[in-house]
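# Descriptive structure summary
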Amino acid sequence: MASIRLCRSLFIAALPVALSVWAAETSEWSLAGREGQCIPLSVLTKKGPEFQDIQSPYQLVEKMRAAGHKAEIKEHKAGSRPAVEVRIPSLDLYVMFVKSSACSANEPTKK
């Protein structure tokens with residue numbers, strides 16, 4: 001019986017990590033620019049090598065917390081372009097993630 005409880009608690013403990021990995025794999029993210037344009041996540045590498053291969057806001061938060069930084073995350077669901085805000089004050093990093101699918105729908109057409 002104890003092994004069933006242990007398995008259940010391990011499953012529950014691993015659930016948030018599994019869900020964030022699933023979210024990263026099932027959706028693509030971009031950064032929101034100042035004028036509403038979308039910026040590829042690859043620009044995060046300019047802040048340092050630890051930002052390489054970031055695929056989602058949740059992955060960024062997990063990575064920064066694992067490195068000992070206080071990372072804050074806030075989901076904004078209002079409006080036609082839901083976003084996820086990530087703040088890492090110790091690194092002076094404040095970024096807004098948006099779904100890439102929302103970017104292509106809202107990008108102005110180039111003339």
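Residues numbered from 1 in each chain as written. Predicted model: local features only at pLDDT ≥ 70, side-chain atom pairs only at ≥ 80, totals over all residues. Heavy atoms only, no water.

### Here we look at the overall build of the protein
Formally: Per the convention used, a helix needs a DSSP run of H or I reaching at least four residues, while a strand needs a run of E reaching at least two, with both numbered from the N terminus. Partly exposed residues are those whose accessible area sits between 20% and 50% of the maximum for their type, while under 20% is buried and over 50% is exposed, using a 1.4 Å probe and protein chains only. Contact criterion: two residues are considered in contact whenever any of their non-hydrogen atoms come within 4.5 Å of each other. The method behind every accessible area is Shrake-Rupley, applied with a 1.4 Å probe, and residues are considered shielded solely by the protein chains displayed.
On a plain count of helices and strands, the protein comes out with 3 helices and 5 strands. Evaluated residue by residue, the protein yields a buried proportion of 29% over its 111 residues. Nonlocal contacts in the protein, meaning residues at least 24 apart in sequence, comprise 43% of its contacts between residues at least 6 apart. Roughly 7,900 Å² of accessible area belongs to the protein as shown, and the carbon and sulfur atoms make up 58% of that amount.

### A closer look at the side chain of S30
Test applied: Under the rule applied, a polar contact is a pair of N or O atoms within 3.5 Å (in protein, one hydrogen donor and one hydrogen acceptor; residues adjacent in sequence only if both atoms are side-chain atoms).
Residue position: S30 is located in strand β1 (residues 29–32). A distance of 3.0 Å separates polar atoms of two side chains, one belonging to S30 and the other to S100.

### What to know about helix α2 (residues 57–66)
Note the cut-off: This arc corresponds to the set of directions leading from the helix axis out to the C-beta atoms.
Inspection of α2 places P57, L60, V61 and M64 among the buried residues, and these make up the whole buried set. The arc that holds every buried residue of α2, seen down its axis, measures 95 degrees, which confines them to one face. On its buried side, α2 packs onto β1, β3 (72–76), β4 (83–88) and β5 (93–99). Immediately downstream of α2, the backbone of G68 shows phi near 95 degrees, a positive value.

### Quick word on the confidence of the model for the protein
Defined as follows: Each residue gets a pLDDT score, which is the predictor's confidence in that residue and runs from 0 to 100.
Residues at a pLDDT of 70 or more form 68% of the protein, whose mean pLDDT is 77. Low pLDDT, under 50, characterises residues 2–26; the predicted model gives this stretch 6 contacts beyond four residues in sequence or across chains.

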